[in-house]
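# Structural description and commentary
These are the residues of each chain, in order.
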Amino acid sequence: MPQSNLTDRFGRTVNYVRLSVTDRCDFRCVYCMAEDMTFLPRQQVLTLEEIARVARNFVALGTEKIRLTGGEPLVRKDILELVKEVGTYGLRDFAMTTNGSQLSTMAEPLRKAGMHRLNISLDSLDAEKFRNITRTGNLNRVLDGIDAAREAGFRGIKLNTVVMKGRNDEEIPELIEFARKKQVDISFIEEMPLGEISEHDRGLALCTSDEVQSIIRRHHELVPATEDSGGPARYFRMPDSPIRVGFISPHSHNFCSTCNRVRVTVEGRLLLCLGNEHSVDLRRVLRGNPVTDDKLRQTIINAMDLKPERHHFSSEGDVQILRFMNMTGG
Ligand code: SAM
Ligand code: SF4
């Protein structure tokens, strides 16, 4: 594997790429989407071959870690073909973020196709609250999916919970007990101001990682984990369990100085930062004439100069980034 050739103006090395494979989803989570969404027309969406080409060229530039995300990656037709292809690139880490709704049938094929790890979103263990947050989701299907994932033998499984005050913050102890029982890691995420939503006030709903931690500490000791996660989460362990508890805190603990990631949207927009609009259009290069890998790599290398130093999310609930998370590739 080559050393990463991707370094930005602030000396950060980029070796982690999140590829969005669709903007579509079978859920409509209240923090992620508006209820009534318009999705992209097909011709604006990268083909699976184009996505694989982007992945291959990032790997040639030293990328060691790829995460497929969306939208919901498992609603993309023939997604297993892409997983199989990227699975041959020799990545150190190949992961997917999913809402889990299709894992009861897809977990094993994904594992067999070469996926190493899964992040599964789970915001509530109460069927009604789960439906209320996801608008369309069925909790039991997701719970079955989590079990199927555990049986499939992934290297790692992590639950992701976006915590919202008055909505699911009271469930934090139960979610921790669930993760301990299932022996899977869990991360608690502060809601980010991505896309304009009217369903709730993001500022009022913000539950900071420090608040979540103090709730957990009423029941369990949390000891900072020593290993570097290579991601934005800060991890802790409990003395009597093998699982890790992570906190992703874009508001309260800025993680930009160690950022090693970029994202590619399903339209082929290379996003240099989750919380800024700096981007480069890779689809234009992918559909140019002639299309060459050299040109694609040079475009990616040049784009690193655009990576901003940090994001500036505020907790006032004001919208700063107009694209929704499903467009961003969370
Ligand atoms: N559909 C998949 C899922 O839900 O896991 C993958 C895509 S989703 C956009 C990726 C992650 O982003 C999920 O864990 C979701 O909870 C999180 N997310 C979505 N919108 C968010 C927001 N506004 N703030 C913080 N996290 C968000
Ligand atoms: Fe879909 Fe994931 Fe967004 Fe929920 S968070 S609406 S599951 S893309």
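Residues numbered from 1 in each chain as written. Chains lettered and ligands numbered in written order. Predicted model: local features only at pLDDT ≥ 70, side-chain atom pairs only at ≥ 80, totals over all residues. Heavy atoms only, no water.

### So, the site of ligand 1
Note the following rule: Distances are taken per atom, and a residue is near a molecule or strand as soon as one of its heavy atoms is within 4 Å of it. Whenever a nitrogen or oxygen atom comes within 3.5 Å of another N or O atom, the pair is scored as a polar contact, on the condition that within protein one atom can donate a hydrogen and the other can accept it, and that pairs from neighbouring residues in sequence are kept only if both atoms are in side chains. Note on areas: these come from Shrake-Rupley sampling with a 1.4 Å probe, and a residue is covered only by the protein chains present in the view. Each helix corresponds to a stretch of at least 4 residues labelled H or I by DSSP, and each strand to a stretch of at least 2 residues labelled E; elements are numbered beginning at the N terminus. Note that Gly is not counted as nonpolar here; it falls among the polar residues with everything else outside the nonpolar set of Ala, Val, Leu, Ile, Met, Phe, Trp, Tyr, Cys and Pro and the charged set of Asp, Glu, Lys and Arg.
Taken together, 19 residues lie around ligand 1, and Tyr31, Gly71, Glu72, Ser121 and Met192 are the ones closest in. Between ligand 1 and Asn160 there is a distance of 3.4 Å, counted from an oxygen atom to a side-chain nitrogen or oxygen. Measuring from a nitrogen atom of ligand 1, one finds a side-chain N or O atom of Arg202 at 3.4 Å. When isolated, ligand 1 has an accessible area of 540 Å², and the protein chains bury 96% of it. Mapped by element, the contributors of at least two residues to the shell around ligand 1 are β3 (93–98), β5 (156–163) and β6 (185–190). Split into classes, the residues belonging to the shell around ligand 1 amount to six nonpolar, nine polar and four charged.

### Some points on the site of ligand 2
Neighbouring ligand 2 are Cys25, Phe27, Arg28, Cys29, Cys32, Met33, Gly71 and Asn99. The class makeup of the residues in the shell around ligand 2 is five nonpolar, two polar and one charged.

### Focus: the packing of aromatic side chains
Selection rule: Here a pair means two rings of Phe, Tyr or Trp (six-membered ring of Trp) with centres within 6.5 Å. Their orientation is stacked below 30 degrees between planes, edge-to-face above 60, and tilted elsewhere. Only protein chains enter the area calculation, which uses a 1.4 Å probe; residues under 20% of their type maximum are buried, those over 50% are exposed, and those in between are partly exposed.
Summed over the entire model, instances satisfying the criterion amount to three aromatic pairs. A centroid spacing of 5.6 Å and a plane angle of 80° characterise the contact between Phe236 and Phe247, whose relative ring orientation is edge-to-face. Remark: Phe247 occurs in strand β9 (residues 244–248) and Phe236 occurs in strand β8 (residues 234–237); sequence separation between them is eleven residues. With a relative accessible area of 8%, Phe236 lands in the buried category. For Phe247, a relative accessible area of 0% gives the class buried. Here the aromatic residues Phe188, Phe236 and Phe247 are joined through ring pairs into a cluster of three or more.

### Regarding helix α6 (residues 172–182)
Note the threshold: In this description, contact between two residues means that some pair of their heavy atoms is separated by no more than 4.5 Å.
By the burial criterion, the buried members of α6 are Ile172, Leu175, Ile176, Phe178, Ala179, Arg180 and Lys182. In this fold, the buried residues of α6 make contact with α5 (139–152), β5, β6, α8 (209–217) and β9. Backbone geometry just downstream of α6 places Gln183 in the positive-phi region, at approximately 60°.

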